[in-house]
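# Remarks on the overall topology
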Amino acid sequence: MIPGKRRTAIMSFSVAIFGALMLHSVSSQNAGFVKSPLSETKLTGDTFELYCDVVGNPTPEIQWWYAEINRADSFRQLWDGARKRRVSINTAYGANAVSVLGVTRLTLDDAGTYECRASNDPRRNDLHQNPATTWIRAQATITVLQKPSITSSDHITLPTDSHSPPFTLQCNLTSAHSMHLESFWMKNGEEISDTRSANRNTEYRLNKPRGDDAGVYMCVYTFELAPPANATIEIKAVPDITGHKRSENKNEGQRAILYCKAVGYPYPIWTWRKLDTGVYMEIDNSSGRFFINNKDNYTELHIANLDIGSDPGEYQCNATNMIGTSAMVSILRVRSHLAPLWPLLGVLAEIIILVVIIVVYEKRKKPDDIQDDDEPAGPMKTNSTNNHKDKNLRQRNTN
């Protein structure tokens, strides 16, 4: 081969190898953490979740491992459903790899070091390779403390007649492994104002209990070196529908929305029915135009593309829980497409009738009421001089 051509071939081959290496470096990316698990302190009976978010090309694989406290050299891999199904692992692979480790009903034995491992190295599962060189790791320490002992009032059910005597909710912190700071009360996840105190024995009084007082109450204790602890008291009551749309007027083809809201606890099961031949029946949704949205003590019924023939009528919302039931009725009226034109048509009809009356009246006038065209248009002249003379003559005769 000619030396010049050989040199050119060698250079082309070198450029090809360099391009391949550059393409490989651009298309591949080592695994790296976007979000790592964070250490937490929990109480027995609680739940914790650890998050792990990893990027890389190809998408990395994620594994979870566990080691007891002071035994970091004895990691064991965790699997979904371990520890009598108290362990759950949910992993999704896409542009990133995201995994969530959850452990419920914590015990003191669940304390330890939890490790998220990730790798997209093709040799990562080769037993002859050192895992330390093929997997990246992120650790979190979970500390589990014995839950403080709290005694609390029993659950309460309000009478169905809504006439309940006053009562007091009570909690008492009997033992704790950390110094107590303060206590306060919550209802349905929100703090009740003006209930914070430094007392270990705390109370909350309801002077006139009603349906809207029903719910989940918690007495919460905070500590200096431990997570908050709480006890739960449920106040149950029959559902009481306090608001609903009494009537709805819509045009055919439009969308109607009926709603009901209630108080009471537990949250009710909502159902909607329509009056049919004197009986409230389940709504027939074969047309697919009825949509029901329920959330806690609120419900909505949506009816799309209203039909004037089948949709008008009485609709009943029903709220039922383990204590009792309550129902209210809403009336739906559906008007024709021509309904907006009815006022205009009414005015037009009145104008036409008025014109007809005027025409008929003009045609039925008496002939004497119509002025003759042959008669002079001006006022009639009288012989006032002769009349005056006759008057003077009559006056002389009397003398």
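Residues numbered from 1 in each chain as written. Predicted model: local features only at pLDDT ≥ 70, side-chain atom pairs only at ≥ 80, totals over all residues. Heavy atoms only, no water.

## Side note on the packing of aromatic side chains
Across all of its chains, the model carries six aromatic pairs by this definition. Ring centres of Y265 and Y267 lie 5.6 Å apart, and the angle between their planes is 80 degrees; on these two criteria the pair is classed as edge-to-face. You can call Y267 partly exposed: its relative accessible area is 35%. Just above the ring of Y66 sits the side chain of R83; from NZ or CZ to the centre is 4.4 Å. (Phe/Tyr/Trp six-rings, centres within 6.5 Å; stacked < 30°, edge-to-face > 60°. Buried < 20%, exposed > 50% of the residue type's maximum accessible area, 1.4 Å probe, protein only. Lys NZ or Arg CZ within 6 Å of the ring centre and 35° of its normal.)

## Things to note about the state of the cysteines
Within the structure shown, the criterion is met by three disulfides. Here C52 is linked by a disulfide to C116, with a sulfur-sulfur distance of 1.9 Å. Linking C52 and C116, the disulfide has an S-S dihedral of approximately -85 degrees and is accordingly described as left-handed. On the criterion of sequence distance, the pair formed by C52 in strand β3 (residues 48-57) and C116 in strand β8 (residues 112-119) is long-range, its members being 64 residues apart. Both residues of the pair, C52 and C116, belong to the buried class. Across the disulfide, C260 is cross-linked to C317 (sulfur-sulfur distance 1.9 Å). Because the torsion about its S-S bond is -85 degrees, the bridge between C260 and C317 counts as left-handed. (Disulfide = S-S within 2.5 Å. Helix = DSSP H or I, 4+ residues; strand = E, 2+ residues; numbered from the N terminus.)

## Let's talk about the sheet that holds strand β20 (residues 269-276)
Taken in spatial order, the five strands of this open sheet run β18-β25-β24-β20-β21, and their pairing is mixed. Where the open sheet ends on each side, the last strands, each with one partner, are β18 (247-251) and β21 (279-282). On average, adjacent strands in this sheet sit at an angle of 35 degrees to one another, irrespective of strand direction. Here β20 pairs with β21 via four bridges, running antiparallel. (Pairing = 2+ DSSP bridges. Axes fitted to C-alpha atoms, helices over the stretch in contact; angles between N-to-C directions.)

## Side note on the side chain of S183
Secondary-structure assignment places S183 in strand β13 (residues 180-187). Of note is the side chain of S183, whose polar atom sits 3.1 Å from the backbone oxygen of N199. The residues touching S183, leaving out its near neighbours within four places in the chain, are T195, R196, S197, N199, T202, V220 and Y221. (Polar contact = N/O pair within 3.5 Å; in protein donor to acceptor, adjacent residues only side chain to side chain. Contact = heavy atoms within 4.5 Å.)

## Notes on the confidence of the model for the protein chain
On average, residues of the protein chain carry a pLDDT of 85, and 83% of them reach 70 or more. Predicted confidence in the protein chain is weakest over helix α1 (residues 3-27), with a mean pLDDT of 47, and strongest over strand β16 (residues 215-223), with 97. Segment residues 15-26 is flagged for pLDDT under 50; beyond a separation of four residues in sequence, or across chains, it makes zero contacts in the model. Note on residues 393-399: pLDDT under 50 across the span, and zero contacts to partners over four residues away in sequence or across chains. (pLDDT = per-residue confidence, 0-100.)

## Considerations on the nonpolar core
Membership of the largest hydrophobic core comes to 22 residues, with the highest contact counts inside it found for F48, L50, I62, W64, L78, L101 and Y114. Secondary-structure elements contributing two or more residues to this core are β3, β4 (61-67), β6 (87-93), β7 (96-103), β8 and β9 (136-145). The biggest single contributor to this core is β3, with four residues. L78 has contacts with W64, W65, Y66, R83, I89, L101 and Y114, leaving out every residue within four places of it along the chain. Formed by 21 residues, the second largest nonpolar core is a distinct cluster that contains C171, A229, A231 and I235. (Core = buried A, V, L, I, M, F, W, Y, C linked by side-chain atoms within 4.5 Å.)

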